[in-house]
Amino acid sequence: MESYLNENFGGVKPKNSEEEVLQRWRKLCGVVKNPKRRFRFTANLSKRYEAAAMRRTNQEKLRIAVLVSKAAFQFIQGVSPSDYVLPQEVRDAGFQICAEELGSIVEGHDVKKLKFHGGTEGLAEKLRTSTANGLATDNEFFTRRQEIFGLNKFTETAARSFWVFVWEALQDMTLMILGVCAFVSLVVGVIMEGWPKGAHDGLGIFASILLVVMVTATSDYKQSLQFKDLDKEKKKIAIQVTRNGYRQKLSIYDLLPGDIVHLAIGDQVPADGLFVTGFSVLIDESSLTGESEPIMVTSGNPFLLSGTKVQDGSCKMLVTTVGMRTQWGKLMATLSEGGDDETPLQVKLNGVATIIGKIGLFFAVITFAVLVQGMFSRKLSEGSHWSWSGEEALEMLEYFAVAVTIVVVAVPEGLPLAVTLSLAFAMKKMMNDKALVRHLAACETMGSATSICSDKTGTLTTNHMTVVKSCICMSIKEVSKTNNASSLEIPDSSLKLLLQSIFSNTGGEVVVNKSGKLEILGTPTETALLEFGLSLGGDFHSEREAYKLVKLEPFNSSKKRMGVALMLPEGGLRAHTKGASEIVLAACDKVLDSNGKVIPLDEASSSHLNTTINQFANEALRTLCLAYQELDKFSPDNAIPSSGFTCIGIVGIKDPVRPGVKESVAICRSAGITVRMVTGDNINTAKAIARECGILTDNGIAIEGPVFREKSQEEMHELVPKIQVMARSSPLDKHTLVKFLRTNLDEVVAVTGDGTNDAPALHEADIGLAMGIAGTEVSIAHHRYNTISQPLLEKSCDADTKIPKKNHKKR
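Position labels on residues start from 1 in each chain and follow its written sequence. Whole-chain, interface and lining totals are the exception, using all residues; otherwise, since this is a predicted model, local features are given only for residues with pLDDT of at least 70 and side-chain atom pairs are given and counted only at 80 or more. With hydrogens and water stripped out, all remaining heavy atoms of the structure feed into the side-chain values.

Visitor: Tell me about the overall build of the protein, and please be specific about residues and values.
Guide: Numbering of helices and strands runs from the N terminus, with a helix taken as a DSSP run of H or I at least four residues long and a strand as a DSSP run of E at least two residues long. When helices and strands are tallied, the protein shows 30 helices and 26 strands. Each residue gets one of three labels from its accessible area relative to the maximum for its type: buried under 20%, exposed over 50%, partly exposed in between, using a 1.4 Å probe on protein chains only. Among the 811 residues that make up the protein, the fraction classed as buried is 52%. Carbon together with sulfur atoms contributes 57% to the accessible area of the protein, which is approximately 36,300 Å² in total. Here the Shrake-Rupley method, with its probe set to 1.4 Å, supplies the accessible areas, and only the displayed protein chains count as covering residues.

Visitor: So what's going on with the pairing of strand 11 (residues 475–478)? Which residues, and what values?
Guide: When DSSP finds two or more bridges between two strands, those strands count as paired. Here strand 10 (residues 466–472) pairs with strand 11 via four bridges, running antiparallel. Its bridge partner lying in strand 11, Ile472 is registered against Ser475. In this structure, the hairpin formed by strand 10 and strand 11 is closed by a connection of two residues, where Cys473 is found at a positive phi of approximately 55°.

Visitor: Break down the environment of Gly258 for me, citing the residues and quoting the values.
Guide: On the secondary structure map, Gly258 appears in the loop between strand 2 (246–251) and strand 3 (260–263). Note on Gly258: relative accessible area 0%, which makes it buried. When the C-alpha positions of Gly258 and Leu127 are compared, they lie 5.8 Å apart, and in sequence the two are 131 residues distant.

Visitor: Summarise the packing of helix 19 (residues 492–504) against helix 20 (residues 524–535); cite the residues concerned and give the values.
Guide: Viewed as axis vectors pointing N to C, helix 19 and helix 20 meet at an angle of 145°, and their least axial separation amounts to 9 Å. You can see that helix 19 and helix 20 cross each other, and the crossing is left-handed. Contact with helix 19, carried on its side by Leu498, Leu499, Ile502 and Phe503, involves Leu529, Leu530, Phe532, Gly533 and Leu534 of helix 20 and no other residues of that element. Taken together, the residues that form the contact of helix 19 with helix 20 break down as eight nonpolar, one polar and no charged. Axis geometry follows a simple rule: fit a line to the C-alpha atoms, using only the stretch in contact for helices, then measure angles between N-to-C directions, giving values from 0 to 180 degrees. Crossings are classed by handedness, with left-handed meaning an anticlockwise turn of the near helix from the far one by less than a right angle and right-handed meaning a clockwise turn. Contact criterion: two residues are considered in contact whenever any of their non-hydrogen atoms come within 4.5 Å of each other. Three classes are used: nonpolar for Ala, Val, Leu, Ile, Met, Phe, Trp, Tyr, Cys and Pro, charged for Asp, Glu, Lys and Arg, and polar for all others, with Gly counted as polar.

Visitor: Which residues make up the packing of aromatic side chains, and what values go with them?
Guide: The rule is short: rings of Phe, Tyr and Trp, with Trp giving its six-membered ring, pair when the centres are within 6.5 Å, and they are stacked under 30 degrees, edge-to-face over 60, tilted in between. Across all of its chains, the model carries seven aromatic pairs by this definition. Both rings, one in Phe368 and one in Phe400, keep their centres 5.9 Å apart while their planes meet at 80°; by these two values the pair is edge-to-face. On the criterion of sequence distance, the pair formed by Phe368 in helix 15 (residues 344–382) and Phe400 in helix 16 (residues 390–410) is long-range, its members being 32 residues apart. In this structure Phe368 comes out as partly exposed when scored by relative accessible area, which is 26%. For Phe400, a relative accessible area of 32% corresponds to the partly exposed category. Feature note: the residues Phe162, Trp163, Phe165 and Tyr221 constitute an aromatic cluster, connected by ring pairs.

Visitor: Quick rundown of the nonpolar core? Include the residues and the values.
Guide: The tendency in soluble globular proteins is for nonpolar side chains to be buried as a group. Leu498, Ile502, Phe532, Leu536 and Val651 are the most contacted members of the largest nonpolar core, which totals 27 residues. Going through the elements one at a time, strand 10, helix 19, helix 20, strand 19 (621–631) and strand 20 (645–654) are the ones with two or more residues in this core. By residue number, the principal contributor to this core is helix 19, which donates six residues. Those residues in contact with Ile502 that sit more than four places away from it in its chain are Leu529, Leu530, Phe532, Gly533 and Leu626. We call a set of buried Ala, Val, Leu, Ile, Met, Phe, Trp, Tyr and Cys residues a nonpolar core when their side-chain atoms join them within 4.5 Å. Leu460, Met677, Ile695 and Val725 belong to the second-largest nonpolar core, a separate cluster that totals 25 residues.

Visitor: Can you tell me about the packing of helix 23 (residues 603–618) against helix 25 (residues 683–693), naming the residues and giving the values?
Guide: Contact geometry of helix 23 with helix 25 gives a least axis separation of 7 Å together with a crossing angle of 15°. By the angle between their axes, helix 23 is roughly parallel relative to helix 25. You can see that helix 23 and helix 25 cross each other, and the crossing is right-handed. Across the interface between the two elements, Asn614, Ala617 and Asn618 of helix 23 pack against Asn684, Thr685 and Ala688 of helix 25. Residue composition of the contact of helix 23 with helix 25, by class: two nonpolar, four polar and no charged. Here is the rule for angles: anything less than 35 degrees is roughly parallel, anything more than 145 is roughly antiparallel, 65 through 115 is roughly perpendicular, and the remaining ranges are oblique.

Visitor: Tell me about helix 19, residues and numbers included.
Guide: For a helix, the expected span equals 1.5 Å multiplied by the residue count minus one. Compared with the 18 Å implied by 1.5 Å per residue over 13 residues, the 18 Å span of helix 19 between its first and last C-alpha is a close match. Helix 19 sits mainly inside the fold: ten of its 13 residues count as buried. Among the residues of helix 19, those classed as buried are Ser494, Leu495, Leu497, Leu498, Leu499, Gln500, Ser501, Ile502, Phe503 and Ser504.

Visitor: Outline the environment of Ile177, listing residues and values.
Guide: Here Ile177 lies in helix 11 (residues 173–193). Along the chain, Ile177 and Ala401 lie 224 residues apart, while their C-alpha atoms are 8.5 Å from each other. If near-sequence neighbours (up to four positions away) are discounted, Ile177 is found in contact with Phe400 and Val404.

Visitor: Residues and numbers for the UniProt feature "transmembrane region" (unreviewed entry) in the protein, please.
Guide: Feature annotation in UniProt places "transmembrane region" (unreviewed entry) on residues 173–192, 198–218, 355–376 and 396–426, given in this structure's numbering. Annotation note: span residues 198–218, helix share 90%, strand share 0%, distance between end C-alpha atoms 32 Å. Within the segment residues 355–376, helix and strand shares are 100% and 0% respectively, and the terminal C-alpha atoms sit 31 Å apart. UniProt positions are given in the numbering used here, feature names are shortened, and annotations may be inferred rather than shown by experiment.

Visitor: Describe helix 10 (residues 162–169), naming the residues involved and giving the relevant values.
Guide: All buried positions along helix 10 are accounted for by Phe162, Phe165, Val166, Glu168 and Ala169. One face of helix 10 carries all of its buried residues, which in axial projection span an arc of 165°. Residues of helix 10 that are exposed and point over 90 degrees away from its buried face: Trp163 and Trp167. The directions from the helix axis to the C-beta atoms form the arc being described.

Below, the structure written as structure tokens:
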């Protein structure tokens, strides 16, 4: 049986399986009581074909739209304005543009129409909104807006009633045959023995059929309700929006045309819209257009389509079209019904059910043949084989009913469904632990994991960061909430540069919340720095308004730093950079001394700063270096320089280890699971945290990414099993480690990641745990899944399950 299952049912993966493989094994299920039941909670192949056809059509439309928009740039000046008639209903509601016109502008990349309506600012005015303060919810336009433009919700398939499940349960061929037997038995019995004595057998079979159908329908109906609840949980998405003049979190389903949405690297675009302001925005449109090359979105090409992903940069977007009017909305109705691929265990159990079904059919035929042969033998011996009575016909019918009953009982049709139900229960259980499982196969594979490659920040640590030490102007000081600039002995000139660096070179923001208090938004690292800047007496808004932003380069996981170019009010240009201490310090050739004067970075100063970095790192602090340089000439088209900077200082940020991590690592180790930390942090910081968590032991090795990638295959065979910490790793290093563990050492690998840099490793791993912090959308997009990022501490689990090649220790 094992060889049969491996041969016919072993080629199916839990996700991204080839359609041919899925079709092939389904055809092998020749003896299936009810195919509709067996494949209800698995991939709906016909719906997938429809979705693929629709996607191809949309891709062609969008390609044409993009080409037309490119051509339009060349002729825009010579084209007369288009005639547009505003519907009376929209005019009466107080708006100057309708939903159809908005949809045609973005979907068609129509530059001509956009210019005719006054560009992004003109459309914002016509939508009664502000690109600075967003929608106002305290006026009559807000409720009318929903009526005119609709909500950002997709049409969902209507829930099926209980009686639909009863009807599907009745589609079982063997139950139909039994029903015919019951009817014939009832008619013949009543004719032969009269009512009610002759009806006992027929009515008994009818009662059995009714019982089977009701139990089956009830079970399936309850399962469908459970899956509906799970689906609702998986679709919860929050996004940063400016409304009523302040920034807030909002469900994407509450978005309306006119909303100002803040998008950052890793986000999925929640609706169709137009670029307002931003820097270095790269959009992955492959989910819609099929093009693998990312598109640069600027004020010249401002079109953002729902369902696409932000690969790089950050921006503000004006929402123009929502819900079913968007391209993504048109796809969603079909895509959402495609279902998940079958898990390997479901496929194997389908195989077992099929084999048992065939065995049951074989014995049913033998039983019927033996019973009929006995009857014929008796009639031959009596010489009455040419004459048949009603009782004998009824007896033959009973033999047939016995054979059909054997088939009904023998085929364990509910076996694959039982696996689906148990996995669904596991998903629900994990939800209670704040782990949102995206795909059933993840629950199945987790029990086979032998190695976990974990990120550090936000996974092993709390991701709540604060600046606790600083080395500004070569002076090392402890930092506390009571500190100010004078207590840290920072000269005025240096303080001005420091605050300029913190508040200008950031992806975070300081906003006023509903209660009128200052609130810091951004990644935990940005939040810690902004909090430090505010404690030094800085004013975020006045600093931002004082300088004109010329160019911003967001943090990049390969460069491990971010930069900004500013135009100063007194004239001149200045660049600021911050990032991994060793990398930024290596780009510096000058430093600010204790008096705030710029001096060359000689060997003594360099040694002092490197010692400080190592000292901070050994105390388990994440270190960041801040630097600046004056620019003579700079064009926004050019990259910010990578050398010639002046070091302002180094800050040490504390990120405490999560409670319970050490115990969890110990449990994993006792179960035979190896836990490895793979991080982009300094090696000393990584080692300190790893020791605190119990990951780094005396027999383990801590290695840096650049050293690891230089190793040969032979060296890796000896090195990889001992590696417990990899620091300063690039996305490719993490991917290489995971791939080597899986392919060369036959490990079943789980990977945790919290951003776009983890996408290759998450895709390569057997189990991908995407932390809902930043970049979850892009990281899982590489899995070719439509997934949703969750709040901090909620994990999205996707599995690329490969059945283990060896037996693992029970855990």
